[in-house]
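An overview of the molecular structure
If you want the building blocks of each chain, they are given just below.
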Amino acid sequence: MKAVIAEKPSVAREIAALLGANEKKDGYLTGNGYQVTWALGHLIGLAMPEDYGLTGFRRETLPILPNPFLLTVRKIRKEKSYIPDNGAVKQLKTIEQVISRCDSIIVATDAGREGELIFRYIYEYLKCKKPFHRLWISSLTEKAIKQGFASLKPGSEFDGLYRAGQARSQADWLVGINASQAISIALSRGVYSLGRVQTPTLALVCKRYLENKTFSVQKYWQIQLEHRKDFIDFKSLSKTKWDDKKPADSTIKSIQRSGIATVSAVESKTVSEQPPLLFDLTGLQKEANKKLGLSAGETLNIAQSLYEKKFITYPRTGSKYIPEDMWAEIPPLIRALDARPSCKNALTKVKWGHFNKRIVNDLKVTDHHGLLVTEKIPSALSAKEDAIYDMIALRLLEALSQICTKEITDVTMQASEYDFLLKGCKILEPGWRAIRGTFTEEGDEPVKELPELKTGDELKIKITTILEKKTKPPALYTEAGLLAAMENAGREIENEDERKILSGIGIGTPATRAAIIDTLFNRDYIWREKKSLIPTEKGLQVYNTVKDKKIADVAMTAEWEIALQKIENNEGDAAAFHKAMEGYTASITRELLDMTVVTENHPKLMCPKCRKQQLLFREKVVKCPDEGCNWLQFRNVCGVYLTIAEIENLISKNRTSLLKGMKSKSGKKFDACIVMNNKGETAFEFGSNRYKKK
């Protein structure tokens, strides 16, 4: 009898059906010499400080450096403590019983670092000694599962993967637990959370936000000329940018008097655009955020659903390539897409017999190859699943297509001794861009063909216009932009030598970046304003506290990802990494505990109800410290966060200013003031009408 342990029930059912284990039992399936069960994700994790007898946050117990680390069944929060998750306890008992009845184990958890860690922690917790083999597949199709079972690998071949997962898990525990407790003690105003990847990611958002807000916008003026030749209208723009409008005005008058612009230079060049590579997870998340407005977490969940329905390959991949031995499987995938109506037009643009092999590279395939569709074509998906599936399918068609060739023409003209520039673009060979019919990137100017122009040509000026423009601050991060910054964290580093070393190295992994961003939302560190990511007051407070500390160092975090990758490839020493992490943890804990925290300068306001106590400011509420009075004001009102200035207005003047963009329970937006009576009761005021808040 063999035990098979999958990561989720849905995957277990697919495998069991193929193995002939069709008899359903409580928590597993059995038959044909197999018992197939599942882990429900992370059933076992690292024990919390309470499990070591350390309760509360105490300066004298830090840093906490477990030796050895203890494992415990997954826990859930209940009131102010954590208790074992009954579902996890029950399923773990089932796994233990299944293993006890079997001679060996087949590991069928997701084929990656976290999937390996899920099984190994269960194996270690149960003190199991039975031999195990690894099922390593990138698709849940019948063909892929059969091939996987035909080529099971000894579990020992994945020891490096486990050591990397364990090292990551323990490093995150050491940094997260100790740094969070240390900053909470130092700030002494509630519980705060820091993390190995979470905090550098928050630092990226806050740094960009502050650069944007402190940017000094400068006005400038340019002159635009409009021309017409051979029935084609086109525009040129002055190379000069005037800081003052007066000289621009005098220049335009001079140009209008002559009415002629002379071509002084024409330069044409042919540009070749390589087709894009396949999507990895981060690439798919960026594209889905730009085109569909989906969060990284939403995209991952949709891709995981498509994977479990057998429509795409394993989504948590960090590679954009396929190995050489998979190349023969590509043509059947393309033929299968003919059954997909949304792909039919694109398929007519594909040149059979001339597929581009740029995506084939054995050396650049990591745990999993780039995202592919399977031969199973979906017919009934949700709108979002449809959109993500087509995104993956069309990217495959683009990747297999030929180079797009363009002729770019740069023209310089002179008018009143000033240079004017214009650019033209002509598509010579559409190549891969014909698949979607888009010939420029989002935000670029559309393709613009010019009439034939040559040096010395004199063109009449139809219209002259002065354009008032402003310098633009660094754009706030969208989720797509933040994913790109995490993926290429090395580019943010100012030191040139460090930047070269860390070029292309990110913080986090494709599988974890969405969860990190979600954590920042859940901690109330960031929020969305349309598509932009904005730090909250709490997020900025944390950033300002730790921005110069090691915990926020993007370069250091990127270096750890390099070290973990080496451990995974059996090129690095996990014990040495752990020792270094303990030293780092001790160092940042001291840094945080020793710092002098500049407390926020809150105004001294008396409670409007009892008029005896000074109000306490917290990140979510402002309240009276007297429990008998119990007056409080939530700072988030219908989606609008009340600043300190607005709280001061409410208490001192009995009303806030007009708060715009609040949302009712039905989702309708409204503007209103919050007003307060002499009993400390608040209400909305819409013009002359009042609506009492619940």
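Remember, predicted model here, so these are calculated numbers, not experimental data. (Residues numbered from 1 in each chain as written. Predicted model: local features only at pLDDT ≥ 70, side-chain atom pairs only at ≥ 80, totals over all residues. Heavy atoms only, no water.)

Here the focus is the sheet that holds strand β23 (residues 632-634). With antiparallel pairing, three strands are arranged side by side in an open sheet as β21-β22-β23. Bordering the open sheet on either side are β21 (616-617) and β23, each of which pairs with just one other strand. Sheet topology note: the strand β22 (residues 621-623)/β23 ladder contains three bridges and is antiparallel. Each bridged residue has a counterpart across the sheet, and for Val621 the counterpart in β23 is Phe634. (Pairing = 2+ DSSP bridges. Helix = DSSP H or I, 4+ residues; strand = E, 2+ residues; numbered from the N terminus.)

A separate point is unusual backbone geometry. A negative phi angle characterises most non-glycine residues, just as the trans form characterises most peptide bonds. Omega for the peptide link from Leu62 to Pro63 comes to -5 degrees, which places this bond in the cis form. With respect to the element layout, Pro63 can be found in the loop between β5 (44-46) and β6 (71-73). The backbone of Phe231 sits at a positive phi, close to 65 degrees, despite the residue not being glycine. Along the polypeptide, Phe231 turns up in the loop between β12 (219-229) and β13 (232-238). The backbone of Arg611 sits at a positive phi, close to 60 degrees, despite the residue not being glycine. Here Arg611 lies in the loop between α18 (574-594) and β21.

Before going further, it helps to examine the nonpolar core. Among the nonpolar cores identified, the biggest contains 88 residues, and Ile105 and Ile122 are the most heavily contacted of them. A per-element tally of this core places helix α5 (residues 159-187) first, with 14 residues. If near-sequence neighbours (up to four positions away) are discounted, Ile105 is found in contact with Ala3, Ile5, Ile99, Phe119, Tyr123, Cys128, Lys130, Pro131, Phe132 and His133. Membership of the second largest hydrophobic core comes to 62 residues, among which are Ile137, Ala303, Ala346 and Leu397. (Core = buried A, V, L, I, M, F, W, Y, C linked by side-chain atoms within 4.5 Å. Buried < 20%, exposed > 50% of the residue type's maximum accessible area, 1.4 Å probe, protein only. Contact = heavy atoms within 4.5 Å.)

Pairing between β13 and strand β16 (residues 418-429): two bridges, direction antiparallel. By the bridge assignment for β16, Leu237 is matched with Leu421. By the bridge criterion, 11 bridges tie strand β15 (residues 404-415) to β16 in an arrangement that is antiparallel. What sits directly across from Thr405, in β16, is Glu429. Linking β15 back to β16 in an antiparallel pair, the connection comprises two residues, with Ser416 at a positive phi of about 50 degrees.

Averaged over all residues, the pLDDT of the protein is 90; the fraction at 70 or higher stands at 95%. Ignoring residues within four places in sequence, the model shows residues 688-694, a span with pLDDT below 50, making 15 contacts including any to other chains. (pLDDT = per-residue confidence, 0-100.)

Before going further, it helps to examine the packing of aromatic side chains. For the structure shown, the criterion picks out 14 aromatic pairs. Between Tyr307 and Tyr314, the ring centres sit 5.4 Å apart and the planes meet at 75 degrees, which makes this aromatic pair edge-to-face. Here Tyr307 and Tyr314 have matching classes, each one buried. Here a set of aromatic residues connected by ring pairs shows up, and it is made of Tyr52, Phe69 and Trp173. (Phe/Tyr/Trp six-rings, centres within 6.5 Å; stacked < 30°, edge-to-face > 60°.)

Relative to the 24 Å expected for 17 residues at 1.5 Å per residue, helix α6 (residues 198-214) spans 24 Å between its end C-alpha atoms, a close match to the ideal helical length. Listed in full, the buried residues belonging to α6 are Gln198, Thr199, Pro200, Thr201, Leu202, Ala203, Leu204, Val205, Cys206, Tyr209 and Asn212. Where the residues of α6 are buried, they touch α13 (479-487), α15 (513-522), β19 (526-529), β20 (532-535), α16 (537-546) and α17 (554-568). (Expected span 1.5 Å × (residues − 1).)

Moving on, we come to the side chain of Thr536. Examined against the element boundaries, Thr536 turns out to sit in the loop between β20 and α16. Only 3.0 Å separates the side chain of Thr536 from the backbone nitrogen of Gly539, close enough to count as a polar contact. Once residues within four sequence positions are removed from consideration, Thr536 is found in contact with Asp524, Tyr525, Ile526 and Trp527. (Polar contact = N/O pair within 3.5 Å; in protein donor to acceptor, adjacent residues only side chain to side chain.)

Right, let's get into the packing of helix α9 (residues 296-308) against helix α12 (residues 383-400). At their nearest, the axes of α9 and α12 sit 10 Å apart, and the two run at 85 degrees to each other. When the axis of α9 is compared with that of α12, the two are roughly perpendicular. On α12, the residues touching Glu298, Thr299, Ile302, Ser305 and Leu306 of α9 are Lys384, Glu385, Ile388 and Tyr389. Among the residues making up the contact of α9 with α12, the classes are represented as four nonpolar, two polar and three charged. (Axes fitted to C-alpha atoms, helices over the stretch in contact; angles between N-to-C directions. Parallel < 35°, antiparallel > 145°, perpendicular 65-115°, else oblique. Nonpolar A, V, L, I, M, F, W, Y, C, P; charged D, E, K, R; others polar.)

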